[in-house]
Amino acid sequence: MRLSLTLPPRLTALALALLLAGCAVGPRYEQAPTVDTPAAFKQGQGEWVRAAPADTLERGPWWQLFNDPLLNDLASRVEVNNQNIAIAVASYAQARSLVAEQRASLFPTVTLDGGANRTGGRGTTAERNSYKVNIGASWEPDVWGRLRRTVDSARAGEQASLADLASARLSAQGELAINYFGIRLQDAQRALLAQTITGYQRTLQITNNRYTAGVVPRTDVLQAETQLANAQADMLGLERQRAQLEHAIAVLVGVAPANFTLPVQPTLLLTVPDVPIEVPSVLLQRRPDIAAAERRVAQANEQIGIAQSAYYPSVGLSGSAGFGASRLGDLFNASNLVWALGISAAQTLFNAGATTARVQGTRAAFDEAAARYRQTMLVAFQDVEDQLVASRVLGQQLALRQQAARAADLVEQQVLNRYQAGQINYTEVINAQATAQNARRNLLQLQVDRQVAAVALIQSLGGGWRGLSETK
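Let me begin by describing the structure that accompanies this report. Predicted model, so just to flag it, every value in this text is computed and none were measured. (Residues numbered from 1 in each chain as written. Predicted model: local features only at pLDDT ≥ 70, side-chain atom pairs only at ≥ 80, totals over all residues. Heavy atoms only, no water.)

For the structure on display, the rule yields five aromatic pairs. Ring geometry for Phe 66 and Phe 181: centres 5.1 Å apart, planes at 55°, overall tilted. Here Phe 66, found in the loop between α1 (12-20) and α2 (69-81), pairs with Phe 181, found in helix α4 (residues 146-212); they are 115 residues apart in sequence, far enough to count as distant. Taking 5.2 Å as the distance between ring centres and 65° as the angle between the ring planes, the aromatic pair formed by Tyr 419 and Tyr 426 counts as edge-to-face. Per residue, the accessibility class of Tyr 419 equals that of Tyr 426, and both read buried. Every member of this aromatic cluster is reached through a ring pair, and the members are Phe 66, Tyr 180 and Phe 181. One cation-aromatic arrangement involves Arg 210 over Tyr 419; the distance from NZ or CZ to the ring centre is 4.9 Å. (Phe/Tyr/Trp six-rings, centres within 6.5 Å; stacked < 30°, edge-to-face > 60°. Helix = DSSP H or I, 4+ residues; strand = E, 2+ residues; numbered from the N terminus. Buried < 20%, exposed > 50% of the residue type's maximum accessible area, 1.4 Å probe, protein only. Lys NZ or Arg CZ within 6 Å of the ring centre and 35° of its normal.)

What follows is the structure, given as structure tokens:
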């Protein structure tokens, strides 16, 4: 059951003053939910500093830290042509439009209408003309703060959408960098494997000559042929992997794979950015996913107040003024003026607990958003810790891999010399060559892993550690 009330015009001013003195209902959003934050990173020396989200700070072109002109060019193309970013841009535009739409509800709605009619009939019914022009206005005063909370909710949604856009951009750029370094790894491994295949072909020729001379059995020739064929098959596998990574990059830059080609770069030229000795946790504030999660908590908080406002009556003000006449020339005479002012109020007396259920639902949605925010924060700490330890350990492994590769190369050469001298069998040659090949490939893989770990650390910090002074 709904009750409505219309007051005389002279009571309108008094009622309006009372309405404007109303106050908003529902909880105020003071700050983000509390999270168990560490005093410092376990794998670093930077202290955690609690502050407001700084996801809108300029991150800069972080990919330039790797000093690769081609990567810089591809990253700029991602900014413009990537369709996932285009989707996020369109979503943000929708969120901005929603804010403007909700803000308009705070103001009166004014309408203008007019009309002209001619009536008549047969017999003695005379024909008549009628004209009218009317302007009207209606306004719902925001007595309980429902409209303001609706605007604030939409604004928080807009800010979350903007953070989602930043997340999409950072994700696409990071994926591009990782795929690009993957291609460079494939190129270097193919160049390395090509050298290995050349060596295997030479070894096969030597083995054939020794077999022809009756020095070694035919099994040595078969083993050499097997080793060469496996290496050639591995080369085809690398070719397939490179093609797939190239296709992925084409999609990231918004180009059909058939129209995109990256030049081969056999030499692995790597620049791994140095992680500062102190990586402050305050940089986590720049992570757009954290900002988006926090804004959605604020949005859920506003929904509680919107739902609670249904406990109170809705109030509306209306007014109109118009002219009506049977002749067009008399339409705007003062004697034909008609006006009206009114105020109305409506209150729901019984709806079987539907309002209470909606309030409880919004509170549960707030709890869900708060839990998602806490989980996002904890995952962010995990991401940074993982990449800090990865950067440290991979740097330590590099010297050991280099040492292992040098030693394996020497062993391979010495074993091959001893085989040619007839001192050992071919099985030892195969083992030494396989060990050397694995050592060289592991060294290449480790070098690219360090770059990938740097990209992951940059992403986990919300876009790098540049602009450190701006976040302190």
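From this point on, the discussion continues.
Before going further, it helps to examine the packing of α4 against helix α7 (residues 354-420). The interhelical angle for the contact between α4 and α7, taken along N-to-C directions, is 15°, at an axis separation of 11 Å. By the angle class used here, α4 and α7 are roughly parallel. In the packing of α4 onto α7, the handedness of the crossing is left-handed. Facing Thr 203, Ile 206, Thr 207 and Arg 210 of α4, the residues of α7 in contact are Leu 416, Tyr 419 and Gln 420. Residues belonging to the contact of α4 with α7 are distributed by class as follows: three nonpolar, three polar and one charged. (Axes fitted to C-alpha atoms, helices over the stretch in contact; angles between N-to-C directions. Parallel < 35°, antiparallel > 145°, perpendicular 65-115°, else oblique. Left-handed = near helix turned anticlockwise from the far one by under 90°. Contact = heavy atoms within 4.5 Å. Nonpolar A, V, L, I, M, F, W, Y, C, P; charged D, E, K, R; others polar.)

Among the nonpolar cores identified, the biggest contains 35 residues, and Trp 62, Phe 66, Leu 71, Leu 74, Leu 176, Phe 181 and Ile 249 are the most heavily contacted of them. At the level of elements, α2, α3 (83-104), α4, α5 (218-252) and α8 (426-460) are the ones that each hand at least two residues to this core. A per-element tally of this core places α4 first, with twelve residues. Residues Leu 193, Ala 224, Met 235 and Ile 430 belong to the second largest nonpolar core, which totals 19 residues. (Core = buried A, V, L, I, M, F, W, Y, C linked by side-chain atoms within 4.5 Å.)

Below, the discussion takes up the side chain of Arg 184. By the secondary structure assignment, Arg 184 is in helix α4. Residue Arg 184 is classed as buried on the basis of its relative accessible area, which comes to 4%. A distance of 2.8 Å separates a polar atom in the side chain of Arg 184 from a polar atom in the side chain of Asp 187. Polar contacts involving the side chain of Arg 184 include one to the main-chain carbonyl oxygen of Pro 263, which spans 3.2 Å. Excluding residues that lie within four positions of it along the chain, Arg 184 makes contacts with Leu 70, Arg 242, Pro 263, Val 264, Gln 265 and Leu 268. (Polar contact = N/O pair within 3.5 Å; in protein donor to acceptor, adjacent residues only side chain to side chain.)

Right, let's talk about unusual backbone geometry for a bit. At Asn 67, a position not held by glycine, the phi torsion is positive, near 55°. Mapped onto the elements, Asn 67 comes out in the loop between α1 and α2. Backbone geometry places Ala 352, a non-glycine residue, at a positive phi of 60°. Mapped onto the elements of the fold, Ala 352 is located in the loop between β5 (337-348) and α7.

A full pass over the atoms with the stated rule returns 15 salt bridges. Arg 146 serves as the salt-bridge partner of Glu 140, at 2.6 Å between the closest nitrogen and oxygen. Given a relative accessible area of 30%, Glu 140 falls into the partly exposed group. Residue Glu 412 pairs with Arg 440 through a salt bridge whose shortest N-O separation is 3.4 Å. Linking Glu 412 in helix α7 with Arg 440 in helix α8, this pair joins segments that are 28 residues apart in sequence. Each member of the salt-bridge network shares a partner with another, and the members are Arg 184, Asp 187, Arg 242 and Glu 246. (Salt bridge = Lys/Arg side-chain N within 4 Å of Asp/Glu carboxyl O.)

Both faces of the sheet carry side chains from a regular strand, because those side chains alternate between them. Direction of pairing for strand β2 (residues 109-119) relative to strand β3 (residues 128-139): antiparallel, over a ladder of eleven bridges. Within the sheet, the bridge partner assigned to Thr 119 lies in β3 and is Arg 128. (Pairing = 2+ DSSP bridges.)

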